[in-house]
Amino acid sequence: MKQPFVPIVLLYAVGLLTGNYLSLSVVLLFAVSTAFLALAFFSGKARPFLLGALLMLAGWLNIELHTRIISPDDLRTIVQNGAGIVTVRGTLAETPDARIFLRGNDEVLRSVATVRLANLRFYGKNDFEPVAGTVVVTTPGVLPKIFFRGQSVEITGVIAPPDLPKAEGVFDYRDYLKKLAIFYQMETGSTNDWRLGPNPSAKIPFSDRFIAWATKTLTRGLDVSDESTQLLLAMTLGQKTALTDEVSEPFMRSGTMHIFAISGLHIALIAGILLGLLRVIQLPRIICGVIVLPLIWFYTAATGWQPSAIRSTIMMSVIIGGWMLKRPGNLLNSLAAAAFIILLWDPLQLFQASFQLSFFVVLSIALLAPPLNKIRDRLLQPDPFLPPSLVPRWRRWLGKPLFWLATCFTTSLAAWMGSMPLTALYFHLFSPVTLLANIIIVPLSGFALMAELGSLICSAWLPWIGELFNNAAWFFMHAMIGASNAVTKIPGAFFYVPSPSWTMIAIYFAALIAVLTGWFNRLRRQLSGAAILFLIGAVFFWDWESSRDETEITVLPLNGGQAVYVDAAGRKNDWLIDCGNENAVNFTLKNFLRARGVNTIPRLALTVGKARDCGGAILLDELFGVRELWTGAADFRSGVYRKIVSDFETSSRRRVFVCGSQTGAWKVFWPEATNCFSRADDNALVLRGDFYATKILLLSDLGREGQSELLNRKDDLRADIVIAGLPADDEPLSDAMIDSIQPKAIVIVDSDFPPARRASRELKERLKQTKIPVVYTCESGAVKIMTDKSGWKLQTMDGQIFEAGQNLQD
């Protein structure tokens, strides 16, 4: 068998997937595995099938051991699901990492550390109790140098499960940590909550000492605070402090963010450089391998044993091992062997985006590059019957450069086709410009890495040469930043798209591999493939046709503000009502819209002139482009609101709702042009959307005086669902207003932060008396309302479902 590891890793992965979705007793799985092993030992013809089943059971058992509660001291059994103040003792799994977070225009430093726990003490108790588990600890500021990987620590803070995402498509931190077998996080008030543990270590780990030396060496002669210098450290040493969203976004859009992970590109380049140097002095293969393998593992250890680096080093070790032993190379088999070794050690990596992207890209290159290279050869190969002397001179001169460029293009194309569905799934991006960007940026990153390696080698005895290498690396990084920004400004360079399903991804890969490997070359296969594609297309058409008339409305709480996104049939009928302040746009709304594939906002409506509800409008326009801004007739005194209106009026994009008029699906009830209340809340815009048989009323933050005036108009305010925010000084939804609306469900848009924006106990008690289902976004997260011809359905992020006024809570 040419590729023995391929079926092995596939069967083992099937076991991991089964164990992820179906839990069984560890004892039962171990007993069944032992029985299969005994049967395979004594069996003959059935042995291959029994060994295949044993591999699946091994994967199943391994993931059970990594994820299920086995120990009575497991953190999940001791803390349960509630939050509490605790003091923990344990060991730092890694040196705390200082990261920059943007809050408006300010940069805030926070330290993030992973701690393996040994003991825990609840607030108010005297004794520590044993505990087994891992937590992520976040702390404002930068921790002192005495806290490093392997150090014994004692920390006081609030421990709780990670928060659920605020809305669908927003980064799910709880799920991310779960894939690392981490189920709790701790928040501390300051660095004063950290202390050394009972048995502190004074020895700083080798990787930290190497990073400190390498940082000093690689920044010699450069401005340490310069963006290019910081990105060089991120690319070479894995320091992510400078990789803020603003800095990394151009690389993300161009599909070149992978250069900042210590990944296959880094390991392959370093191994290639070292092997090239050793082969120049004509050392035998086995000697080259014996020298290079420890060096690439040294680099992996020195950069902190990052998972991406470990994956790449294992794969490169397999490849170099085969090369030094003069075994025939097989990239697919080497990839499968590396994957099997990694998943044996850590089965949860199968479910991590970085693992999937790494291996799917290399898998795509292994499967798709050969047929693409055949096409390249047919296009570039000169006429075989033409003597070399008759080949035009320009063709001979350009032959090798064209061949190199074509090879880069086919490799980039294969990698892009392999990563495209996963990039859409995890980052909601479709970037055609990746093909061009990789051809430019990857070689530049290779030159930068070569210069950095030269600096590390030469700086100890020839510092001035090290500085030359550092400046060369800085130049290449500066060129990479410029190239990344330039290619993303090309029209059509990238688009945000909704996440595809795993079914669509499987169909895509099956069709792609079948086409490029020539599976459809025979007529019978072409007919069967056409029939399968027709059936798949029919299913997708039926699903699209059945959902054409659906309208999806999402209510997002935004740290005191709110936003309501209306996704109707066709992008031109979509609305965004309010947007929160700049922080809300940066950290929640932007990601939510991109996850839904929004690239342009057709209409933005502002209901009230308060910064917490509308302050992010200009930033939103810069990020997405707002075609029309709709406001009510009232004029607000807020300087932020006035600037927004002025900017949109200057570009002739402002529209004004007229009280009593109908705009699309929305009828305007308030305010009248003649009204001018002293408080902004009383002038808040009131809209009712009619979606087939469902009416949804948006009250915004309408105050008590505004509610009274609205009721005096005697309009028909009846609606199935009413969505209301919290006025600054009043309560929303007076009893008279509820009687007039007669809602079947109420959504109160409140927030955890700031505390003043939480629904009061009195409001909850009053609304409870109405016997109408009430959802508070502070507790439930975002609320999604789906309407069609059959009615409406309301669903929250915490699993509540309301339909036709009946609570069908999961």
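Rules used throughout
- Residues numbered from 1 in each chain as written.
- Predicted model: local features only at pLDDT ≥ 70, side-chain atom pairs only at ≥ 80, totals over all residues.
- Heavy atoms only, no water.
- Helix = DSSP H or I, 4+ residues; strand = E, 2+ residues; numbered from the N terminus.
- Rg over C-alpha atoms; globule rule 2.2 N^0.38 Å.
- Buried < 20%, exposed > 50% of the residue type's maximum accessible area, 1.4 Å probe, protein only.
- Contact = heavy atoms within 4.5 Å.
- Areas by Shrake-Rupley, 256 points an atom, 1.4 Å probe, with all protein chains shown as cover.
- Lys, Arg positive; Asp, Glu negative; His and termini not counted.
- Charge placed at Lys NZ, Arg CZ, Asp CG, Glu CD.
- Core = buried A, V, L, I, M, F, W, Y, C linked by side-chain atoms within 4.5 Å.
- Pairing = 2+ DSSP bridges.
- pLDDT = per-residue confidence, 0-100.
- Salt bridge = Lys/Arg side-chain N within 4 Å of Asp/Glu carboxyl O.
- Phe/Tyr/Trp six-rings, centres within 6.5 Å; stacked < 30°, edge-to-face > 60°.
- Lys NZ or Arg CZ within 6 Å of the ring centre and 35° of its normal.
- Polar contact = N/O pair within 3.5 Å; in protein donor to acceptor, adjacent residues only side chain to side chain.
- Expected span 1.5 Å × (residues − 1).
- Disulfide = S-S within 2.5 Å.
- Axes fitted to C-alpha atoms, helices over the stretch in contact; angles between N-to-C directions.
- Parallel < 35°, antiparallel > 145°, perpendicular 65-115°, else oblique.
- Left-handed = near helix turned anticlockwise from the far one by under 90°.

1. Topic: the overall build of the protein
Next, step 1: From N to C terminus, the protein includes 26 helices and 26 strands.
Next, step 2: A compact globule built from 810 residues would reach a C-alpha radius of gyration of about 28 Å, and the protein, at 30 Å, matches this within 12%.
Next, step 3: Dimensions of the protein along its principal axes, counting C-alpha atoms only, are 95 × 80 × 70 Å.
Next, step 4: Across the 810 residues in the protein, those meeting the buried criterion constitute 46%.
Next, step 5: In the protein, the share of contacts with a sequence separation of at least 24, taken over all contacts with a separation of at least 6, comes to 70%.
Next, step 6: Carbon together with sulfur atoms contributes 62% to the accessible area of the protein, which is approximately 39700 Å² in total.
Next, step 7: Here the protein contributes 76 positive and 68 negative side-chain charges, whose respective centroids are spaced 11 Å apart.

2. Focus: the nonpolar core
Next, step 1: Counting residues in hydrophobic clusters, the biggest one holds 58 residues, and the most contacted among them are Leu576, Leu589, Leu593, Leu620, Leu699 and Leu733.
Next, step 2: Ranked by residue count, the leading element in this core is helix 19 (residues 582-595), at five residues.
Next, step 3: Setting aside residues up to four positions removed in sequence, leucine 589 forms contacts with Leu556, Ala563, Leu576, Cys579, Ala584 and Leu620.

3. Concerning the sheet that holds strand 17 (residues 666-670)
Next, step 1: A sheet is described by the order of its strands in space; here seven strands give the open sequence 16-17-18-19-20-21-22, paired in mixed fashion. What marks the edges here is a single partner per strand, and that holds for strand 16 (662-663) and strand 22 (774-776).

4. Overview of the confidence of the model for the protein
Next, step 1: Taken as a whole, the protein shows an average pLDDT of 85; of its residues, 92% reach a score of 70 or greater.
Next, step 2: Strand 26 (residues 806-807) is the least confidently modelled element of the protein, averaging 52 in pLDDT, while strand 20 (residues 721-724) averages 96, the highest of any element.

5. Brief notes about unusual backbone geometry
Next, step 1: Each neighbour pair has its own omega, and for tryptophan 670 with proline 671 the value is 5°, a cis peptide bond.
Next, step 2: Of note, proline 671 is situated in the loop between strand 17 and strand 18 (686-691).
Next, step 3: Residues other than glycine seldom take positive phi values, yet asparagine 559 does so here, at roughly 50°.
Next, step 4: Looking at where asparagine 559 falls in the secondary structure, it is placed in the loop between strand 10 (551-558) and strand 11 (561-567).
Next, step 5: One non-glycine residue with positive phi stands out, namely lysine 771, at about 65°.
Next, step 6: Assignment of secondary structure puts lysine 771 in the loop between helix 25 (761-768) and strand 22.

6. A short note on the pattern of salt bridges
Next, step 1: The tally for this structure, following the rule as stated, stands at 34 salt bridges.
Next, step 2: For glutamate 779, the salt bridge goes to lysine 764, with nearest N and O atoms at 2.7 Å. With glutamate 779 in helix 26 (residues 777-780) and lysine 764 in helix 25, this pair connects stretches of sequence that are 15 residues apart.
Next, step 3: Residues participating in the shared-partner salt-bridge network are Lys610, Arg612, Asp613, Asp681, Asp701 and Arg757.

7. A short note on the packing of aromatic side chains
Next, step 1: Scanning the model with the defined rule gives 23 aromatic pairs in all.
Next, step 2: Between tryptophan 416 and phenylalanine 430, the aromatic rings sit 5.9 Å apart at their centres with planes inclined by 45°, giving tilted as the arrangement. Placement of the pair is tryptophan 416 in helix 14 (residues 393-427) and phenylalanine 430 in strand 8 (residues 429-430), with a sequence separation of 14 residues.
Next, step 3: The residue whose ring lies beneath arginine 76 is phenylalanine 183, and the NZ or CZ to ring-centre distance is 4.0 Å.
Next, step 4: The side chain of lysine 764 reaches across the aromatic face of tyrosine 776, ending 5.2 Å from its centre.

8. Some thoughts on the environment of arginine 116
Next, step 1: By the element assignment, arginine 116 lies in strand 3 (residues 106-122).
Next, step 2: Taking C-alpha positions, arginine 116 is 17 Å from glutamine 306, a pair spaced 190 residues apart along the chain.
Next, step 3: When residues no more than four places from it in sequence are discounted, the contact partners of arginine 116 are Arg89, Gly90, Thr91, Ala93, Gly133 and Thr134.

9. A word on the side chain of threonine 410
Next, step 1: Within the fold, threonine 410 resides in helix 14.
Next, step 2: Since its relative accessible area comes to 7%, threonine 410 is described here as buried.
Next, step 3: There is a polar contact of 2.9 Å between the side chain of threonine 410 and the side chain of asparagine 373.

10. Comments concerning helix 11 (residues 307-324)
Next, step 1: Along its 18 residues, helix 11 runs 25 Å from first to last C-alpha, staying within 8% of the 26 Å computed at 1.5 Å per residue.
Next, step 2: Along helix 11, the residues classified as buried are Ser308, Ala309, Arg311, Ser312, Thr313, Ile314, Met315, Met316, Ser317, Ile320, Gly321 and Met324.
Next, step 3: Looking one or two residues beyond helix 11, the residue adopting positive phi is lysine 326, at roughly 60°.

11. Quick look at the pairing of strand 11
Next, step 1: Most of strand 11 is tucked away, with seven of its seven residues classed as buried.
Next, step 2: Neither face of strand 11 is open: one carries Gly561, Ala563, Tyr565 and Asp567, the other Gln562, Val564 and Val566, and all of them are buried.
Next, step 3: For strand 10 and strand 11, the ladder comprises seven bridges, and the chain directions are antiparallel. Paired with proline 557 across the two strands is glutamine 562, which belongs to strand 11.
Next, step 4: The turn joining strand 10 and strand 11, which pair antiparallel and follow one another in sequence, is formed by two residues; a positive phi near 50° is taken by asparagine 559.
Next, step 5: Across three bridges, the pairing between strand 11 and strand 12 (residues 575-577) is antiparallel. Bridging across to strand 12, tyrosine 565 finds its partner in leucine 576.

12. Brief notes about the side chain of arginine 594
Next, step 1: Looking at where arginine 594 falls in the secondary structure, it is placed in helix 19.
Next, step 2: The buried category is assigned to arginine 594, whose relative accessible area is 7%.

13. Regarding the pairing of strand 17
The side chains of a regular strand alternate between both faces of the sheet.
Next, step 1: For strand 17, the tally of buried residues reaches four of five residues, placing the bulk of the element in the interior.
Next, step 2: Once strand 16 ends, the chain turns through two residues before running back antiparallel as strand 17, passing glycine 664 with a positive phi of about 65°.
Next, step 3: Sheet analysis places strand 17 next to strand 18, joined by four bridges and oriented antiparallel. If you follow tryptophan 670 over to strand 18, its bridge partner there is valine 686.

14. What to know about the state of the cysteines
Next, step 1: The final tally for this structure, using the stated rule, is zero disulfides.
Next, step 2: Summary of cysteine pairing: cysteine 458 is not part of a disulfide, and the nearest cysteine sulfur, belonging to cysteine 288, is at 20 Å.
Next, step 3: Residue cysteine 458 is classed as buried on the basis of its relative accessible area of 16%.
Next, step 4: Its sulfur unpaired, cysteine 614 is 6.6 Å from the next cysteine sulfur, which belongs to cysteine 579.

15. As for the packing of helix 2 (residues 26-42) against helix 3 (residues 47-67)
Next, step 1: Relative to each other, helix 2 and helix 3 sit at 160°, their axes nearing to 9 Å. With respect to helix 3, the axis of helix 2 lies roughly antiparallel. Between helix 2 and helix 3 lies a crossing of left-handed hand. Contacts between helix 2 and helix 3 involve Val26, Leu29, Phe30, Val32, Ser33, Phe36, Leu37, Leu39, Ala40 and Phe41 from the former and Arg47, Leu50, Leu51, Ala53, Leu54, Leu57, Trp60, Leu61, Glu64 and Leu65 from the latter.

16. Describing the environment of phenylalanine 657
Next, step 1: Mapped onto the elements, phenylalanine 657 comes out in the loop between strand 15 (654-656) and strand 16.
Next, step 2: The exposure class of phenylalanine 657 is buried, given its relative accessible area of 2%.
Next, step 3: Aside from chain neighbours lying at most four places away, what touches phenylalanine 657 is Trp575, Ala605, Trp630, Thr631, Gly632, Ala633, Thr663, Val668, Leu685 and Leu687.

17. Some thoughts on helix 1 (residues 5-21)
Next, step 1: Along its 17 residues, helix 1 runs 25 Å from first to last C-alpha, staying within 8% of the 24 Å computed at 1.5 Å per residue.
Next, step 2: Of the surrounding elements, those touching the buried residues of helix 1 are helix 3 and helix 12 (331-345).

18. Some details on the environment of valine 142
Next, step 1: Tracing the backbone through its elements, the reader meets valine 142 in the loop between strand 4 (129-140) and strand 5 (152-160).
Next, step 2: With 45 residues separating them along the chain, valine 142 and aspartate 97 place their C-alpha atoms 8.4 Å apart.

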